[in-house]
Amino acid sequence: MTKAIPTVKRYMTASPHTIGLAQSLAHAHKVMREHRIRHLPVLDGGALVGVISERDLHLIETLRDVDPEKVAVEEAMTPVVYTISPDARLDEVSREMAEHKYGSAIVIEHGKVVGVFTTTDGMRALAELLEARPRS
């Protein structure tokens, strides 16, 4: 009997924090610090338009003459986002993230952001699945 491969729904961060396109980099940093997260889906009128990571923020903020209070998230975000369904198979998503070195996948259902699946979530899934294996 073969076990069903789990989906990302089991391991994703549901109802993730998001940020608006016009919000400042300083606000994005504040949200990430307060909630101890490294990725924020970027929305414009409720629609996903990008993702901003802690790494994106640090890169932009190292540039001369960048004021995090005045620069919008839109200037630092990644507009091309790896999106998946909550029912996406964990093995397929993990393989895609590793191949392309994605730090996160944004989980979309019926056109709305319902979750974020990060490399940290993937490692938590790996640990749980390895612990559940029969010992040889």
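Everything in this summary refers to the structure shown in the same document. (Residues numbered from 1 in each chain as written. Predicted model: local features only at pLDDT ≥ 70, side-chain atom pairs only at ≥ 80, totals over all residues. Heavy atoms only, no water.)

**Let's talk about the layout of surface pockets**
The test is simple: Points on a 1 Å grid over protein atoms alone make up a cavity when a 1.4 Å probe fits among them but cannot get out, and a pocket when they form an open set with protein on both sides within 12 Å along at least five of seven lines; lining residues each have an atom within 4 Å of a point. Grid points are joined across faces, edges and corners, and a volume is the space filled by probe spheres set on the points. Helix and strand labels come from DSSP, where a helix needs a run of H or I of at least four residues and a strand needs a run of E of at least two; each type is numbered from the N terminus. Here the term charged refers only to Asp, Glu, Lys and Arg, the term nonpolar to Ala, Val, Leu, Ile, Met, Phe, Trp, Tyr, Cys and Pro, and the term polar to all other amino acids, Gly among them.
Roughly 410 Å³ of internal volume is contained in the largest pocket. Taken together, 17 residues make up the lining of the largest pocket; nearest its centre are H39, S53, Y102, G103 and S104. Mapped by element, the contributors of at least two residues to the lining of the largest pocket are β4 (47–53), α2 (54–61) and β6 (104–109). In terms of residue count, the dominant contributor to the lining of the largest pocket is α2 (three residues). Tallied by class, residues from the lining of the largest pocket come to six nonpolar, six polar and five charged.

**Section: the environment of L129**
Inclusion rule: Throughout this description, buried means an accessible area under 20% of the type-specific maximum (1.4 Å probe, protein chains only), exposed means over 50%, and partly exposed covers the range between. In what follows, residue pairs with any heavy atoms lying within 4.5 Å of each other are defined as contacts.
Tracing the chain through its elements places L129 in helix α4 (residues 119–132). Exposure remark for L129: the relative accessible area of 33% places this residue in the partly exposed category. Beyond its immediate chain neighbours, meaning those up to four positions away, L129 contacts P6, Y11 and L90.

**Re the nonpolar core**
Put simply, the test is: Remark: nonpolar core denotes a set of buried residues (Ala, Val, Leu, Ile, Met, Phe, Trp, Tyr, Cys) joined through side-chain atoms within 4.5 Å.
Judged by nonpolar contacts, the single largest core of 15 residues is most densely connected at I19, L25, L40, V42, I52 and V73. Ranked by residues supplied to this core, first place goes to helix α1 (residues 25–35) with four residues. The contacts of I52, once residues within four sequence positions are left out, are I19, L25, M32, R38, H39, L40, V42, L57, V73, A76 and M77. Residues V8, M12, Y82 and A88 belong to the second largest nonpolar core, which totals 13 residues.

**Focus on the pattern of salt bridges**
Here is the rule we go by: The working definition used for a salt bridge is a side-chain nitrogen of Lys or Arg within 4 Å of a carboxyl oxygen of Asp or Glu.
Using the criterion set out here, one finds five salt bridges in the structure. The partner of E128 in a salt bridge is R10, and the shortest N-O contact between them spans 2.3 Å. Linking E128 in helix α4 with R10 in the segment before β1 (13–14), this pair joins segments that are 118 residues apart in sequence. Among the residues examined, E128 registers a relative accessible area of 31% and is labelled partly exposed. For R10, a relative accessible area of 54% gives the class exposed. For K30, the salt bridge goes to E34, with nearest N and O atoms at 3.5 Å.

**Focus on a nonpolar patch on the surface**
Definition in use: Like-charged residues are merged into a patch within 9 Å and nonpolar side chains (Val, Leu, Ile, Met, Phe, Trp, Tyr) within 5 Å, provided each residue has over 30% relative accessible area and no salt bridge. Surface accessibility in these figures is a Shrake-Rupley result with a 1.4 Å probe; residues are shielded only by whichever protein chains are displayed.
Among the surface-exposed residues, M123, L126 and L130 lie close enough to one another that they form a single nonpolar patch of about 280 Å² accessible area. With respect to the element layout, L126 can be found in helix α4. Here L126 falls in the partly exposed class, since its relative accessible area comes to 41%.

**A word on the sheet that holds strand β3 (residues 39–44)**
Filter applied, for reference: In short, DSSP must find at least two bridges between two strands for them to pair. To define axes, lines are fitted to C-alpha atoms, for helices over the stretch in contact only, and angles between the resulting N-to-C directions are given on a 0 to 180 degree scale.
Read from one edge of the open sheet, three strands run β2-β3-β4, paired in mixed fashion. Taken across any chain shown, the strands that pair with only one partner, and hence form the sheet edges, are β2 (19–20) and β4. In this structure, β2 lies alongside β3, joined through two bridges in parallel fashion. Counted as the bridge partner of G20 is L43 from β3. Sheet strands in contact with α1 are β2, β3 and β4, and its direction is about 135° off that of β3.

**Focus on the pairing of strand β7 (residues 112–118)**
Bridge count between β1 and β7: two bridges; the pairing is antiparallel. Looking at the pairing, T13 lines up with V116 of β7. Between the end of β6 and the start of β7, which pair antiparallel, lie two residues, with H110 showing a positive phi angle near 55°.

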